[in-house]
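Structural overview
Listed here are the chains, written in short residue letters.
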Amino acid sequence: MSKLTATEVSKAKPLEKPYKLGDGGGLYLLVQPNGAKYWRLKYRVAGKEKLLALGVYEAGGLSLAQARQKAIEARAQLTDGKDPSAERKIAKRAKMQAAANSFELVAREYHAAQSPTWTAGHAKQWLTNIERHAFPVIGAKQITAIEPLDILDILRKLEKLGIFETRDRLGQSISSVFKYAIATGRVKYNPAADIRAALVVRPKAENFACITAAELPAFLRAASAYQGMAKASPIVFAAFRLLLLTAVRTSEIRFAKWADFDLEAGLWVVPAEQQGRKGRTNSGARRDHTVLLSTQAVAILRDLYKLTGHGVYVFPNRNDGTRVISENTILKVIEIIGYQGKMTGHGFRSLARTLLDEMGYRFEVLEAMLSHKHESQTVAAYARAQYIEERRVMMQRWADYLESVEAGGEVIPFKRMVA
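Only a predicted model underlies this, so the values are computations on that prediction, with no experimental measurement involved.

Remarks on the overall build of the protein
- Counting its regular elements, the protein contains 17 helices and 7 strands.
- Across the 419 residues of the protein, 42% fall into the buried class.
- Taking all contacts inside the protein whose residues are at least 6 apart in sequence as the whole, residues at least 24 apart take part in 58%.
- Taken as a whole, the protein presents about 23100 Å² of accessible surface, with 54% of it coming from carbon and sulfur.

So, the side chain of Gln296
- Mapped onto the elements, Gln296 comes out in helix α12 (residues 295-308).
- You can call Gln296 buried: its relative accessible area is 15%.
- Looking at Gln296, its side chain comes within polar contact range of the side chain of Gln396, at 2.9 Å.
- A polar atom in the side chain of Gln296 sits 2.8 Å from the side chain of Asp400.

A few points about the sheet that holds strand β1 (residues 19-24)
- Across the sheet, which stays open at both edges, the 4 strands sit in the order β1-β2-β3-β4 with antiparallel pairing between neighbours. For this open sheet the edge positions go to β1 and β4 (48-57), each flanked by a neighbour on one side alone. The mean inter-strand angle of the sheet, taken between neighbouring strand axes irrespective of direction, is 30°.
- Here β1 runs beside strand β2 (residues 27-31); their pairing, made up of 5 bridges, is antiparallel. Looking across to β2, one finds that Leu21 is bridged to Leu29.
- Most of the contacts of helix α2 (residues 64-79) go to strand β3 (residues 37-45), to which it runs at about 15°, and overall it touches β1, β2, β3 and β4.

Side note on empty space enclosed by the protein
- Inspection of every chain in the model, using the stated rule, returns 1 cavity of 30 Å³ or more.
- Estimates place the volume of the largest cavity at around 30 Å³.
- As for the largest cavity, its lining consists of Thr246, His289, Val291, Leu292, Met369, Arg391 and Met395.
- Put simply, the parts of the chain that give the lining of the largest cavity at least two residues each are β7 (289-292) and α17 (388-407).
- Of the residues forming the lining of the largest cavity, the biggest block, 3 residues, is contributed by β7.
- Looking at the lining of the largest cavity residue by residue, the class counts come to 4 nonpolar, 2 polar and 1 charged.

What to know about helix α10 (residues 234-246)
- Between the first and last C-alpha of α10 there are 18 Å, a value that for 13 residues agrees with the 18 Å anticipated at 1.5 Å per step.
- Across the 13 residues of α10, 12 count as buried, placing the element largely inside the fold.
- Ile235, Val236, Phe237, Ala238, Ala239, Phe240, Arg241, Leu242, Leu243, Leu244, Leu245 and Thr246 are the residues of α10 that are buried.
- After α10 finishes, the residue Ala247 shows a positive phi value of roughly 60°.

Quick word on the packing of aromatic side chains
- Applying the stated criterion across every chain yields a total of 17 aromatic pairs.
- Ring centres 5.5 Å apart and planes at 90° place the aromatic pair Phe240 and Phe348 in the edge-to-face group. With a gap of 108 residues between them, Phe240 in helix α10 and Phe348 in helix α14 (residues 345-358) connect regions that are remote in the sequence. In this structure, Phe240 and Phe348 share a single accessibility class: buried.
- Ring pairing ties together the aromatic residues Phe219, Tyr226, Phe237, Phe240, Tyr339 and Phe348, which thus form one cluster.
- Here the guanidinium or amino end of Lys20 rests over the ring plane of Tyr28, the centre of that ring lying 4.8 Å away.

The rules behind the values
- Residues numbered from 1 in each chain as written.
- Predicted model: local features only at pLDDT ≥ 70, side-chain atom pairs only at ≥ 80, totals over all residues.
- Heavy atoms only, no water.
- Helix = DSSP H or I, 4+ residues; strand = E, 2+ residues; numbered from the N terminus.
- Buried < 20%, exposed > 50% of the residue type's maximum accessible area, 1.4 Å probe, protein only.
- Contact = heavy atoms within 4.5 Å.
- Areas by Shrake-Rupley, 256 points an atom, 1.4 Å probe, with all protein chains shown as cover.
- Polar contact = N/O pair within 3.5 Å; in protein donor to acceptor, adjacent residues only side chain to side chain.
- Pairing = 2+ DSSP bridges.
- Axes fitted to C-alpha atoms, helices over the stretch in contact; angles between N-to-C directions.
- 1 Å grid on protein atoms, 1.4 Å probe; cavity = no way out; pocket = protein on both sides within 12 Å on 5 of 7 lines; lining within 4 Å.
- Points joined across faces, edges and corners; volume = space filled by probe spheres on them.
- Nonpolar A, V, L, I, M, F, W, Y, C, P; charged D, E, K, R; others polar.
- Expected span 1.5 Å × (residues − 1).
- Phe/Tyr/Trp six-rings, centres within 6.5 Å; stacked < 30°, edge-to-face > 60°.
- Lys NZ or Arg CZ within 6 Å of the ring centre and 35° of its normal.

That is the geometry; function is a separate question.
Now the structure itself:
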């Protein structure tokens, strides 16, 4: 049998029925009626005829020379007593197993298993961090081949950028993936557990800046003066004022939705699953947080409803109503009125906590106001059920106090028990 030429292969035309063009040694080109051309190798193992598909001949496909090389490799396997078809299946299974045990696949599998118990915000952040920082480096690697130094290199890059919180979260996420891999039989140890000692100690977080009671009148008057200027955003100042009046977290203000408010009842229920909330829902640490609204807070919200009540969010981003105001929005106001480094959004919580304590309100009531976690679940349940009316009175008094102080009233309340 004469050998095929590249020209013969390229010019082979389809006929009514499939036909073969032999190249010798069991290699042939199968031409189908639809014009498709396939390389095949016919061989025998233990006296049984078998067929091996080598590839497709087409533009960018398997050329004649490449088909011959594959046939040579298959015959070499036969010489070694191996069945090329069986060897291909073994290689395919190994490849599939390798893909199933790559770090990225195991991480995504873990995320899919755990995310139903997480908030949407945490699930998104977890995956975004690991996609951004870990997958480009170790995503394609076999999870069994990843060493502590591989993980250390990733985390040290974040250290150099000064992103210590992201570094620590990412380290925990990677460690969780390996714990899952151990539980599912992929690996026998967790390399992420061995690197803590090699990381730079995270700098101690500074306390949130907060003005003193004596500075409060000037602070409030500076805010009001700027609020009265034409360029001041009414949405931003409503957020600023409500943060001060409610003592909630900045994230709870930012992601507030109109559906969570009952202005007639003076109530705002911040859902446990709201983005920006602290704690984990599946641990029971996070629950809905009821915020009691003073008449001043309700008035601000009624005015704001005329501007943003048509949308989902109370404080939408000015450029995109499907997003919320930036986390730096309130800090920018504080900076503009001259209190950069002296006050923060979180400082409003500290200020309310300190001054209401001076007014004599009980520790348990103040902790309920701040939505702090109780170690005792019994105490937590009692706090939610019993402190509502006491907190309502307290929050109205807090709003009245701020109003009085700004107008020139007594600055530092004297300590006394509340009836």
